[in-house]
Amino acid sequence: GASSYFVANTGEVGTYGYKPVEDDLVEADNWPDWICSILDSNPIISAIEDIGADEDYESWLKVRQAVMDGRAGKPPVVVFGQELFHDDVDLMRHGVAEGWAGGAVLRPEQLGTLTDLVDSATMFTLLKPKASRVIFAHRDGLKVGATEADLAVGLGAWGIRCGPPNPMSAGKLNRLIEIEENLLSRAEDPAQQIQLQTWEQVLEEEAKNLELYAQQAAEAEQGP
């Protein structure tokens, strides 16, 4: 992440920047533009993670606004935080309230109980009118099993990060395939009354909700 490129107190006292390339210092105020230039050169990118120093909340907010809201005519890129939140619920609450990132990478084994995981995930996924995204991840070689796959689908996670196919991740990947096949077969049965929603439909619904909220806010400002 960008934390490894963070340089404190460059230039005059109290200033800081990022040094992604040797002898190429990017002052913090210019960091969002530098990130956007990388994304413009690589339009296939749909998400980025840990784009700022852990406690550089101001730069996080500026990058999130530039990347997700300020690139006119270009698809938004989701800004995820993992080291930003450190699986700390209090940091998540602050981050959600202040809009540091567009989502979080959560490690279920670090959050404690299933209730803690659900509370942390829904803190992001139930935001209105536009939800933040959540990715579930686990450390390499930490655990075998398919639990994260069920949790990711059940909580509406944006994705699950379990590394390349190997004995440690095969159970999760196979379980995701099994869940998809099960849902598709049930959706084809009228008696099941199941409606599957694609991410395209989710984004379209969120866009409509944003327009509706903006309209309601404008009407509220005008008064009766």
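Before reading further, recall that the structure is shown in the block above.
Residues numbered from 1 in each chain as written. Predicted model: local features only at pLDDT ≥ 70, side-chain atom pairs only at ≥ 80, totals over all residues. Heavy atoms only, no water.

### Re the packing of aromatic side chains
Thought 1: Scanning all chains against the criterion turns up five aromatic pairs.
Thought 2: When the centroid spacing of 5.0 Å and the interplanar angle of 5° are considered together, the rings of Trp-31 and Trp-34 count as stacked. Of the two residues, Trp-31 and Trp-34 are both situated in helix H1 (residues 31-41); the distance of three residues between them amounts to about one turn of the helix.
Thought 3: Between Phe-80 and Trp-158, the aromatic rings sit 5.3 Å apart at their centres with planes inclined by 45°, giving tilted as the arrangement. Of this pair, Phe-80 sits in strand S5 (residues 78-81) while Trp-158 sits in the loop between helix H6 (147-154) and strand S8 (159-161), placing them 78 residues apart in sequence.
Thought 4: The class for Trp-158 is partly exposed, based on a relative accessible area of 29%. (Phe/Tyr/Trp six-rings, centres within 6.5 Å; stacked < 30°, edge-to-face > 60°. Helix = DSSP H or I, 4+ residues; strand = E, 2+ residues; numbered from the N terminus. Buried < 20%, exposed > 50% of the residue type's maximum accessible area, 1.4 Å probe, protein only.)

### Re the sheet that holds S5
Thought 1: The five strands are arranged S4-S5-S6-S7-S8 in an open sheet whose pairing can be described as parallel. With partners counted over all chains shown, the strands left at the sheet margins are strand S4 (47-49) and S8, one partner each. Neighbour-to-neighbour, the strand axes of the sheet open up by a mean angle of 30°, direction not taken into account.
Thought 2: One ladder, built from four bridges, connects strand S6 (residues 103-106) with strand S7 (residues 133-137); its direction is parallel. Following the sheet pairing, Ala-104 is matched in S7 by Val-134.
Thought 3: Strands in contact with helix H5 (residues 114-125) are S6 and S7; relative to S7, the strand with the most contacts, it is inclined by about 145°. (Pairing = 2+ DSSP bridges. Axes fitted to C-alpha atoms, helices over the stretch in contact; angles between N-to-C directions. Contact = heavy atoms within 4.5 Å.)

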